[in-house]
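Close look at the chain arrangement
So the chains spell out like this:
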Amino acid sequence: MITMNDWQLNYEKWLDIDLCLMTTDTGWKERARKHGISIWQQPFADDKNDLFRWRIPNVAAGHNVVFDVFVNKMIDYHQYWTAEYTGGFLVKEINENTQIIYQQFNPGIPLISKRDLLYIQWSRKIDDKTIQTSFRSIVLNEMPVPNGYERIDWWGAHLFKANSDGTSQLVLIDRENQGGRFPSLVMNKIMPNYLTLQFERIIDFFKKGGIEGHAKLAEGKNTALKMKHL
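What comes next concerns the included structure. (Residues numbered from 1 in each chain as written. Predicted model: local features only at pLDDT ≥ 70, side-chain atom pairs only at ≥ 80, totals over all residues. Heavy atoms only, no water.)

Concerning the overall build of the chain
Note the threshold: Put simply, DSSP marks the helices as runs of H or I at least four residues long and the strands as runs of E at least two long, and each gets a number from the N terminus on. For the radius of gyration, the atoms used are the C-alpha atoms, and the globule rule reads 2.2 Å times the number of residues raised to 0.38. To sort residues, take the accessible area from a 1.4 Å probe on protein chains only and compare it with the maximum for the residue type: under 20% means buried, over 50% means exposed, and anything in between is partly exposed. Only heavy atoms enter the contact rule, under which two residues are in contact if any of them lie within 4.5 Å. Here, Shrake-Rupley sampling with a 1.4 Å probe gives the accessible areas, and only protein chains in the shown set may cover a residue.
When its secondary structure is counted, the chain shows 5 helices and 10 strands. Against the compact-globule benchmark of 17 Å for 230 residues, the chain has a radius of gyration of 17 Å, which places it among compact chains. Referenced to the eigenvectors of the C-alpha coordinate spread, the extents of the chain come out at roughly 50 × 40 × 40 Å. When burial is assessed residue by residue, the chain has 50% of its 230 residues classed as buried. A separation of at least 24 residues holds for 61% of the contacts in the chain among residues at least 6 apart in sequence. As displayed, the chain offers around 11,800 Å² of accessible surface, 51% of which is attributable to carbon and sulfur atoms.

So this is what it looks like as structure tokens:
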């Protein structure tokens, strides 16, 4: 996990690293393929949890719309493609392109603790047809890990790219250290199937109207709001 100082020193470099990982094939190995969409995997020396990537070639919405959902409305709709998600909120807005977000997850599996996630996201416009957002887990003293939770250490990014027919491409890179005693060997094994299910749900979400066709997570069901009022 990073600190705000780490982010201030490295955020431009990290954007470039993430963009390269999302747009080139160097170092990637195909692990799974479904509906013409591949799940790619790549190890890194700093963590036994591997980095994964997928690209949806034609999301049924423009790239600005998809960007808005994933960056500005994630906390309201994340449950539609991540079933374990139980709530979240905007912790802090650093500037118009940078926010800190908090989320909670309940796997609903005996002996596996609930998880939470505290991350900074920052975005840039690459050109008129392309937007990038990167994510890193961050440490904030005012946001401790609540009792009964393990905090995820996350490295991720999205690329939102317009297609000529009004649809768009969506790329994800994703590395998750689940914390606790969850072994990296198991995580690396289950991630391809998990991410396949996730991109299928994202495709379905936008096919069925995106935010116009789905209800927001009700405030009364948002488990994370308890942290907001501490």
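Past the structure itself, the notes keep going.
Brief notes about the packing of aromatic side chains
Heads up, the rule is: Stacked, tilted and edge-to-face are the three classes assigned to paired rings of Phe, Tyr and Trp, where Trp is represented by its six-membered ring and a pair needs centres within 6.5 Å; plane angles under 30 degrees give stacked, over 60 edge-to-face, the rest tilted.
Scanning the model with the defined rule gives 19 aromatic pairs in all. Feature note: the residues Phe 67, Phe 70, Tyr 77, Tyr 80, Trp 81, Phe 160, Phe 205 and Phe 206 constitute an aromatic cluster, connected by ring pairs.

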